[in-house]
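Chains, contacts and geometry: an overview
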Amino acid sequence: MHAAFIAPLTLALVAGGVAAAPLAHPLTVAPPDRSADTPSTTRLSPALGEMLGLINAERTRAGAAPLHADATLTTLAQARSQDMIDRHYFAHEIPGVPGVHLVFDLLDRAHVPYQMAGENLARNNDLAFEGLAGAIRDTNADLMHSPEHRANILEPAYTTLGLGLAVEQGTAVLILTEVFVQPVAGEMPTRVPPAA
């Protein structure tokens, strides 16, 4: 039996790239360097590479194009997962950060342009019993069994995503954050190749 809690959040929005002051908080994400047209050299961890593979297998079965991991989105998703572990909460609403309430505020502060964005959160308490690989597979299965999460994963408009994974030491609680983005037309995403 799984002890996983999952929460979807989707926003269809045309964003013009809101400029905001830097966020003085652990959730700070530097604006992306979009001056080069080459993919980023940042790599996904093996666990996150496995999750990307599972997501893209689901998308292929549904007839949707594969997603590409984005370095900025992955940094943002990792910061979200770690913040929830460090501050002991699990929610789309980000507590205690003035002017930042949801992942969309973080995207705006990181100067990530998007047409549409979504966030899936998952908390898995079975890491100690299943190991990391099993917890990743079960978390993806749980997300796919939730209509709202499944909709985010299979949304054909999304082309890029960020994945973040944090584990609470001592409890083996795993928190996964998935941030999905449909970039603004003409923007070049920064892609993260899977780990070798």
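All values reported here derive from a predicted model rather than from experimental measurement.

Time to look at the nonpolar core. I55, I153, L161, L163, L165 and L176 are the most contacted members of the largest nonpolar core, which totals 25 residues. Taken together, the elements giving at least two residues each to this core come down to α1 (46-61), β3 (116-124), α4 (127-144), α5 (147-154), β4 (160-168) and β5 (173-182). The next biggest cluster of nonpolar side chains, apart from the first, holds 23 residues, and it includes M84, I85, I94 and V100.

Our next topic: the pairing of β3. Judged by how many residues are buried, β3 sits mostly within the fold: eight of nine residues are covered. The pairing of β3 with β5 spans nine bridges and is antiparallel. Across the sheet, N120 pairs through a bridge with E178, a residue of β5.

Let us now look at the pattern of salt bridges. What the rule picks out here adds up to three salt bridges. The salt bridge partner of R80 is E119, with a shortest N-O separation of 2.9 Å. Remark: E119 occurs in strand β3 and R80 occurs in helix α2 (residues 71-86); sequence separation between them is 39 residues. In this structure, the salt-bridge partner of R87 is D83, at a minimum N-O distance of 2.8 Å.

We now examine α2. Across its 16 residues, α2 extends 22 Å between first and last C-alpha, which sits within 8% of the 22 Å expected from 1.5 Å per residue. Burial analysis of α2 places twelve of its 16 residues in the buried class, the great majority of the element. Buried within α2 are the following residues: A71, T72, L73, T74, L76, A77, A79, R80, S81, D83, M84 and I85. Its side-chain oxygen 3.0 Å from the backbone nitrogen of T72, D70 forms the N-cap of α2. Looking one or two places after α2, you find H88, whose phi comes out positive at around 55 degrees.

What follows covers the confidence of the model for the chain. With 73% of its residues at a pLDDT of at least 70, the chain reaches an overall mean of 79. Mean pLDDT per element in the chain: strand β1 (residues 4-12) is the minimum at 44, and α1 is the maximum at 96. Per-residue pLDDT stays below 50 along residues 1-26; that stretch engages in 74 contacts with residues further than four places along the chain or on separate chains. Counting contacts from residues 191-196, a segment whose pLDDT is below 50, to residues more than four positions away or on other chains yields 22 contacts.

Our focus in this paragraph is the packing of α1 against α4. One way to put it is that α1 packs onto α4 with a least axis distance of 10 Å and a crossing angle of 30 degrees. Regarding α1 and α4, the two cross each other, and that crossing is right-handed. Contacts from A47, E50, M51, L54, I55 and E58 of α1 reach α4 at L132, I136, R137, T139, N140 and M144.

Thresholds, definitions, all that
Residue numbers restart at each chain and count upward from 1, following the sequence in its written direction. Note on the predicted model: pLDDT of at least 70 is required for a residue's local features to be given, and 80 or more for side-chain atom pairs to be given and counted; whole-chain, interface and lining totals, by contrast, use all residues. Only heavy atoms go into the side-chain values, all of them from the structure, while hydrogens and water stay out. Residues belong to a common nonpolar core when they are buried Ala, Val, Leu, Ile, Met, Phe, Trp, Tyr or Cys residues joined through side-chain atoms within 4.5 Å. Relative accessible area decides the class of each residue, using a 1.4 Å probe on protein chains only: under 20% of the type maximum gives buried, over 50% gives exposed, and in between gives partly exposed. Where helices and strands are cited, they refer to DSSP runs of H or I of at least four residues and of E of at least two residues respectively, numbered from the N terminus. The pairing criterion for strands is at least two bridges between them, as found by DSSP. What makes a salt bridge here is a side-chain nitrogen of Lys or Arg within 4 Å of a carboxyl oxygen of Asp or Glu, nothing more. Between the first and last residue of a helix there are one fewer steps than residues, each counted as 1.5 Å, and that sum is the expected span. Counting of polar contacts relies on pairs of N or O atoms within 3.5 Å, with two restrictions inside protein: one atom must be capable of donating a hydrogen and the other of accepting it, and residues adjacent in sequence are counted only when both atoms are side-chain atoms. Summary of the metric used: pLDDT quantifies the predictor's per-residue confidence within the range 0 to 100. Only heavy atoms enter the contact rule, under which two residues are in contact if any of them lie within 4.5 Å. Axis definition: a line fitted to C-alpha atoms, over the contacting stretch in the case of helices. Angles run 0 to 180 degrees between N-to-C directions. By definition, turning the near helix anticlockwise from the far helix through less than a right angle yields a left-handed crossing, and turning it clockwise yields a right-handed one.

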